[in-house]
2 protein chains.
Amino acid sequence: MQIPIDFLAHKAYLMRKWSIIMTTAAGSGHPTSALSASDIVAVLFFQVMRFDPIDPTNPNNDRFILSKGHASPILYAAWKELGILTEQDLMAYRTFNSVLEGHPTPRFSRSEAATGSLGQGLSIGVGMALEARMDHRSFHTYVLLGDAETAEGSVWEAAELAGHYQVNNLTAIIDVNRLGQSGPTMDQYHLERYAEKFRAFGWQPFIVDGHNIQSLIAIFAEAKNSSKPVVIVAKTHKGYGVADVQDKEGFHGKPFAKKDLDHVLQELAQQAGSAVKEVSYQWQPQLPKKSGASSPKTKPVSLPLPAFVPDKKVATRHAYGTALLAVGVAAPNVVVLDADVKNSTGTENFAKQFPDRFVESFIAEQNMIGMAVGLALRGKISFVATFGAFFTRAYDQIRMAAIGRVPLRLAGSHAGVSIGQDGPSQMALEDIAIMRALPNSIVLYPCDAISTYKLVELMANYDDGISYLRTTRGETPIVYEPDDEFKLGDFSILRSSNNDQLCIITAGITIFEALKAYETLKKENISVAIIDLYSIKPINEEHLAEFVAAHGNYVITVEDHYLQGGLGQAVLYALRNTGVTIQCLAVTKLPRSGMPEALLAYEDIDADAIIKIAQKMI
Amino acid sequence: MQIPIDFLAHKAYLMRKWSIIMTTAAGSGHPTSALSASDIVAVLFFQVMRFDPIDPTNPNNDRFILSKGHASPILYAAWKELGILTEQDLMAYRTFNSVLEGHPTPRFSRSEAATGSLGQGLSIGVGMALEARMDHRSFHTYVLLGDAETAEGSVWEAAELAGHYQVNNLTAIIDVNRLGQSGPTMDQYHLERYAEKFRAFGWQPFIVDGHNIQSLIAIFAEAKNSSKPVVIVAKTHKGYGVADVQDKEGFHGKPFAKKDLDHVLQELAQQAGSAVKEVSYQWQPQLPKKSGASSPKTKPVSLPLPAFVPDKKVATRHAYGTALLAVGVAAPNVVVLDADVKNSTGTENFAKQFPDRFVESFIAEQNMIGMAVGLALRGKISFVATFGAFFTRAYDQIRMAAIGRVPLRLAGSHAGVSIGQDGPSQMALEDIAIMRALPNSIVLYPCDAISTYKLVELMANYDDGISYLRTTRGETPIVYEPDDEFKLGDFSILRSSNNDQLCIITAGITIFEALKAYETLKKENISVAIIDLYSIKPINEEHLAEFVAAHGNYVITVEDHYLQGGLGQAVLYALRNTGVTIQCLAVTKLPRSGMPEALLAYEDIDADAIIKIAQKMI
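As the structure is a computational prediction, the values presented were derived from the model and not from experiment.

A. Molecular detail of the interface of chain A and chain B. In this assembly, 102 residues from chain A lie in contact with 103 residues from chain B. In this assembly, chain A packs against chain B so that about 8200 Å² is buried in total across both faces, 52% of it on carbon and sulfur atoms. For the pair chain A and chain B, the number of links is 8 salt bridges. For the interface between chain A and chain B, the tally reads 52 residue pairs in polar contact (both at pLDDT 80 or more). Residues belonging to the side of chain A that touches chain B are distributed by class as follows: 38 nonpolar, 39 polar and 25 charged.

B. How the structure looks around the side chain of Asp62 of chain A. Residue and element names in this part refer to chain A. Summarising the element assignment, Asp62 is placed in the loop between helix H3 (38-48) and strand S1 (63-66). For Asp62, which is buried and forms no salt bridge, the nearest opposite charge comes from Lys224, at a distance of 5.2 Å. With residues near it in sequence (within four places) discarded, Asp62 still touches Val48, Met49, Arg50, Phe51, Glu112, Phe139, His140 and Tyr142.

C. Focus on the packing of helix H7 (residues 153-164) of chain A against helix H14 (residues 365-377) of chain A. Residue and element names in this part refer to chain A. The geometry of H7 relative to H14 is characterised by a closest axis approach of 8 Å and an angle of 70° between their N-to-C directions. With respect to H14, the axis of H7 lies roughly perpendicular. On H14, the residues that touch Ser154, Glu157, Ala158 and Leu161 of H7 are Glu365, Gln366, Asn367 and Met371. Among the residues making up the contact of H7 with H14, the classes are represented as 3 nonpolar, 3 polar and 2 charged.

D. Region of interest: the relation of the copies chain A and chain B. Relative to chain B, chain A is turned by 180° and slid 0.0 Å along the rotation axis, the superposed coordinates differing by an RMSD of 0.0 Å. Viewed as a symmetry operation, the transformation between the two copies matches a two-fold axis. Ranked by how close their C-alpha atoms come to the rotation axis, the residues of chain A are headed by Gly153 of chain A, at 1.8 Å. The share of interface residues of chain A whose copies in chain B are also at the interface is 100%, consistent with both copies meeting through the same surface.

E. Region of the structure containing the pattern of salt bridges. Evaluated as defined, the whole model comprises 46 salt bridges over all chains. Here Lys11 of chain A and Glu81 of chain A are joined by a salt bridge, their closest N and O atoms 2.7 Å apart. Placement of the pair is Lys11 of chain A in helix H1 (residues 5-26) and Glu81 of chain A in helix H4 (residues 72-81), with a sequence separation of 70 residues. Each member of the pair, Lys11 of chain A as well as Glu81 of chain A, is classed as buried. Shared partners join several salt bridges into a network, and the residues in it are Glu152, Asp396 and Arg399 of chain A together with Arg393 of chain B.

F. Main features of the pairing of strand S18 (residues 554-562) of chain B. Residues and elements named next belong to chain B. Burial of S18 is extensive: 8 of the 9 residues sit out of reach of the surface. In this structure, strand S15 (residues 502-506) lies alongside S18, joined through 4 bridges in parallel fashion. Bridge pairing links Thr506 to Val558 in S18. Pairing analysis gives 6 bridges linking S18 to strand S19 (residues 581-587), with the strands arranged parallel. Each bridged residue has a counterpart across the sheet, and for Tyr562 the counterpart in S19 is Val587. One crossover worth recording links S18 to the parallel S19 by way of helix H20 (residues 567-574), and it is right-handed.

G. Representation of helix H10 (residues 261-272) of chain A. Residue and element names in this part refer to chain A. With 12 residues, H10 should cover 16 Å at 1.5 Å per step; its first-to-last C-alpha distance of 16 Å lies within 8% of that length. By the burial criterion, the buried members of H10 are Leu261, Val264, Leu265, Glu267, Leu268 and Ala272. The buried residues of H10 occupy an angular sector of 155° when the element is viewed end-on, so they sit on one face. Set apart from the buried face of H10 by more than 90 degrees, the exposed residues are Asp262, Gln266 and Gln270. Lining the buried residues of H10 we find H1. After H10 finishes, the residue Gly273 shows a positive phi value of roughly 60°.

H. Inspection of the state of the cysteines at higher detail. Overall, the coordinates contain 0 disulfides over all chains when judged by the stated rule. Of the cysteine sulfurs around Cys447 of chain A, a residue in no disulfide, the closest is that of Cys503 of chain A, at 17 Å.

I. Structural view of the environment of Gln270 of chain A. Topologically, Gln270 of chain A is positioned in helix H10. On a C-alpha basis, the gap between Gln270 of chain A and Val99 of chain A in space is 32 Å, while along the polypeptide they are 171 residues apart.

J. Structural detail: the environment of Val571 of chain B. Residue and element names in this part refer to chain B. If you trace the backbone, Val571 turns up in helix H20. Looking at Val571, the relative accessible area reads 0%, which means it is buried. In this structure the C-alpha to C-alpha distance between Val571 and Thr557, which are 14 residues apart in sequence, comes to 7.7 Å. When near neighbours in sequence (up to four residues on either side) are disregarded, Val571 contacts Ile505, Leu533, Ile539, Leu544, Thr557 and Ile582.

The rules behind the values
Residues numbered from 1 in each chain as written. Chains lettered and ligands numbered in written order. Predicted model: local features only at pLDDT ≥ 70, side-chain atom pairs only at ≥ 80, totals over all residues. Heavy atoms only, no water. Contact = heavy atoms within 4.5 Å. Buried area = accessible area lost by both parts, 1.4 Å probe. Salt bridge = Lys/Arg side-chain N within 4 Å of Asp/Glu carboxyl O. Polar contact = N/O pair within 3.5 Å; in protein donor to acceptor, adjacent residues only side chain to side chain. Nonpolar A, V, L, I, M, F, W, Y, C, P; charged D, E, K, R; others polar. Helix = DSSP H or I, 4+ residues; strand = E, 2+ residues; numbered from the N terminus. Buried < 20%, exposed > 50% of the residue type's maximum accessible area, 1.4 Å probe, protein only. Lys, Arg positive; Asp, Glu negative; His and termini not counted. Axes fitted to C-alpha atoms, helices over the stretch in contact; angles between N-to-C directions. Parallel < 35°, antiparallel > 145°, perpendicular 65-115°, else oblique. Least-squares fit on C-alpha atoms with pLDDT ≥ 70 in both. Pairing = 2+ DSSP bridges. Right-handed = clockwise from strand over helix to strand, strands pointing away. Expected span 1.5 Å × (residues − 1). Arc of directions from axis to C-beta. Disulfide = S-S within 2.5 Å.

Below you can see the structure in the form of C-alpha cells.
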C-alpha cells in the first residue's frame, strides 16, 4: 500500500518541529541529530513497517531499534504522531518524572531497547531477527544507526555475523549526516565506502538520498526481497531543515535557545515548503500478520534432581553444561550463545542437542551479548557463556543490558589464578567486582557440580536483571547432596560446631583450601566454621551477621579474585558495624603462568595461608 | 639481502620442533596454532625484519606483535633460534619461575606487548606505527593475527583507523589456518573475503601460501612500498607438519602426549623433508638504521602552579583540559587520544595546540586504548579521555594493559548521576569499581579545578600501571589554594574541629553536598569533619584510621557511584577492624534522566540525605 508522499513529508516536518520544540523545552538534547533522521523515520513508521501501535507486546510487530539513541526526540515525535504520546508528554522530555529519557530506555514502552552507548543497536537487531527466524515469525527488524557510530567495532561484529548467517529479515539504515560529535566522520559523504564495507561483510547495500521520501520508499521496497541483510546508506544533513545549523559543525547536542525558537520554527516551515500543510488522509497502521507459535509458558523453570556421581570430581564449568541441558529440556524458550569456546565452557552438549536454539557467535563477545539482549527482549531466556575474563570485552553491552533491565544469564568460566598455566590474560579476576556493580544483578559462585546445577535453575528464574555464575576450570569434589537447597542471598555451612572461634567465608575453588585448613586447624584445637557464600550478591546480611556472631565473631574471607570489589569486600560490607574482626585473603599480586597450586600459594589464598592467618587471629 | 631459502625452511622446521617439544614438556599450550605460523615467523625474523636481537630497547627495531598470543611457542622458538633463549628456557615454558608464560607478557623482554585476549594486537601495532610517524623513525611494525580473532570488532576499529590515516608502516599478517578453538571460522579458506574486507577498510591486501617461503619473501618485498597499510592473508594449516593433526578439528590447545613425542617428531621430520638438514650459513641480523631523535628525558613532569580564578566555578573536566595543556608543554612525549568527545572531555585545546601529538580515534574506544598502549610501549606518555561510562567499552584492553604493566593515563568525564538529563547510559557509575580492581592501578577523583590540575601532574609521573582520573560534568567552586599539595594515597581535610562527632568521607561532586550538610549540622550543634578522599586507591589506611578515631570514630561515606566496589567500600576496607561505625551513601537505584539535584536527591546522596543520616547516627 502506498501512503501519499505529501502525507509522509508532512509527518516528517511535524516530527522535526516536535524534535526542536521538545529539546528547547528540556534545555538539553540533540535536535540536529534528530532532524537528519526525520524523513527516514517518517517513511519507516508511516509507510514501511507493519505493527500495531496500540500493542507493543504483539510478537509479530516489526521492530525498530534506534541505535543512535541521542536522536531520541525523533522517536518520541514519531509516537506523538502515532497518537501514543501527547504534546504534554513531549514537553516533559528529560524531566525526572517523564519516561521520555534523554536516551531511550524501556521506561517508555515503545523504546524496544535501551540505547545511548553507540554501536550497540545492530547486535540487538540481529538478536531480534534471529528470534523471528527461530520462531517462524514474519516480522522484520529495522535498526537506525548514526554514521559516526559505525566506527565502533561492535557494529562490524554484528555485520559479520548477520552476513555469515544471511540474516535477511534485518535492515540497517545509516543516517549519514557527515558530522560526529566533535568533528566530521572518517568517511564523511563517501557513501560508497559504507556500501563497500558492508558488502565485504556479506550485506546488500543501497545508497539513497535520506531526505527524498520517494527515493526512500523505493529503496525500502527494493530491499525487501534481498537474500542478504540489507544496509541502506542514506545521505542526510545534520540539522536538516534549519539553515542556521544545517550541515554545520559545532551544533551537536545543542538545543535551540528559547528566545530563538519562534525564528527557528519559521525557518523550518519555510524550508519545508508545501510539507507544512496538513494532508487530509486517514492513515491506518498496517497490522502485522499472525505468524509463529504463541510463546510457551515456561516459568518457573523446574529441573529434576541432579544426578552426579557422589565421589567423582566434576569441573563446575562442565556441571554448568549439564544443568544447561536440563534447563533446555525444561524450557523450550531457552537459547544459548557462545563465542567459540563451547568446548571449554560446557555449552557444547546444548549445541549438539538443540542446534536451533544455539547461536555460535564466533570470537565477538560484544555482539554475542547484544544478540542475547535482542533475543531476551523477544521472549527468549538467553544464557551466555565465555571465559569470565572475556566478559570484560562486552562490559559496556552488559552495562546497557542492566540499564535496560534485560534478564541475561551469564556464565563465566576459568575464574581465578587456579586456571594455572594459561596465565593472567585468561584468568577472570575482576569479574565479581564488575558484575556486583551492575544494578539489579546477582552474582553466584558454586564450588561443586550440585550447587552449580541448582544455581543454574535459580538463574533461569531470575528475571530482574543480569545473573552471573562463576565457574572453575579444574575438577572439584562433590560436597552437596542432590536435594540440598540453594536460595538467592543465602549461604550454606559446610563445617561448624558450638565452639567455633572463627568463620572462614569463601566460595568456589577456595572452599577446598578452606576445608584442608579446617583439618589442620582442628588438630591444633582451633575450631572454625566454613561458610560457602555461593550467593555473593545479594547477601542475607542479618542471617550472616547472626551466624558469625555465634561463631567467634572472627572472619577470614578467601577468594580467587582481586581484593577490590570481590567477595571479601562484599562480606565486609554485609558485616559492617557488627564489631566483627575480619581478614581478607584475595589475589593481590599480578599473577602469572604456573601450576594452580603454585599460584594459590603465591597469592596467599591456599590452605597454608588460611592456617597462618587463623593462627594469628586466634 | 636474500637469505637462503633452505636456511629459512630449516629454521621454520626447528621452530615447529621446539613448539612441539616445549608444549609437551609443559603439558599444556597450543602447538597446532604455533605450527601454522612457523613459516611466516621464520621469514619475518630471519629475512624481513630489521632489528637488533641483543638490544630490545633500540627504538629503531622493527616491531613484532603476536596478536594470537596463544601461539606463544612459535615466538619463544624464534628467540631460541636467535640465540636469546636456551633449550633449558624452553623446557621451563609455563612454569612458575619462567618468564615464558602461556601467553606472552612483558616478563619476557622480547614480548613487545601482553597478548592473549584476542583481537587486540592490531591496535597496539597501529599505536607503534603512529609513534614511528610522530618521531620520524624508520621502523616497521608487523602484527600476526589468527584468522578466528578477526571476528573481534576491535580488529576492524584498528583497521579502519589505520586505513583512514594511511598508516603504511604497518603490516598485518593473518594466519588463516581455517580452524578456531571449537570449530571452523566463518570464512574458512575464503581468503578473498579477508582481502575484500581489509580492502574496503582502506588496506592493501595480498594473498599468499603461508607455508611457501619463497612466496612469503616475495610478498613481503612487494608489500614494502604500499602507500596503504598492508594485510597479508596467508593460507596455512593448523598443526602444519604433523599429519595426525594437520587441518583437523579437535586439536586446539592440546599438546602432544609425552609418550607420543618421538613419533610426532619423526612425523614432523618426515614431512619437513630436506628442511630437516642443517644449513651452513652465517646468519647476521639486519640491524636497524638510526632514525628519529633520541627520546627526551621528561620525568619527573613538573608543572607551574595552577592559575584558576579563585571565585569562578570550573568543571573538573575543563580543568583536566587545562592541566593537560600544561603537561603537554612540560613533557614533549605526552600524547593525547580522543574518541570524538574532545569538546566534552576537555582535550580540545590540546588537540589545537599540539595537533601532531593528538590522535583522533573516532568513536572506537577499544582501538583508542590499544593505540595508547602501543604509543606508551614506544616511550610516549599516553593520556586518554572519554566519558567515564565508555571506558567500560574498552575494559578488556585496559585489563590487558594492566597485565602488561603499561602506564596509561585515563580520564573519565561525566561521572555519576550528576550529569543529569542525558540519562543512565551516559553516567559513569561503575568506573571506580572497575578501575580499583586493576592490579597496580591508582584511582583519583578531584572535586575542583586546582586538585584536578595537581592530580594530573601526579598521574603524569605514575609509571607503575593504570592511573584513572574521574571528572565531573558540571561546574564546581574552587576549594583549594594553588600551592596546596596532593599526594598519592593521601586525603585532605576540608572541615574539622577538636570536637567532631563524625567524619564525612567523600570526593568529587558530593564534596559540595557534604559542605552544605556541614553548615546545617553546625547550626544543630553537630560538628563534623569533611574529608576529601581524592585518592581512592591507594588509601593511607593508618593515617585515615588515626584521623577518624580522633574525630568521633563515626563515618559517613558519600559518592556519586554505585555502592559496590566504590569509594564507600574502599573506605570500609581501609578502616576494617578499627571499631569505626560507618554508613555508606551511594547510588543504589537505577538512575534516569532528570536535573542533577533531583537525581542526587533520588539516590540519597545529597546534603539532605547526609544530614538525615548524621542526625540518626549521633
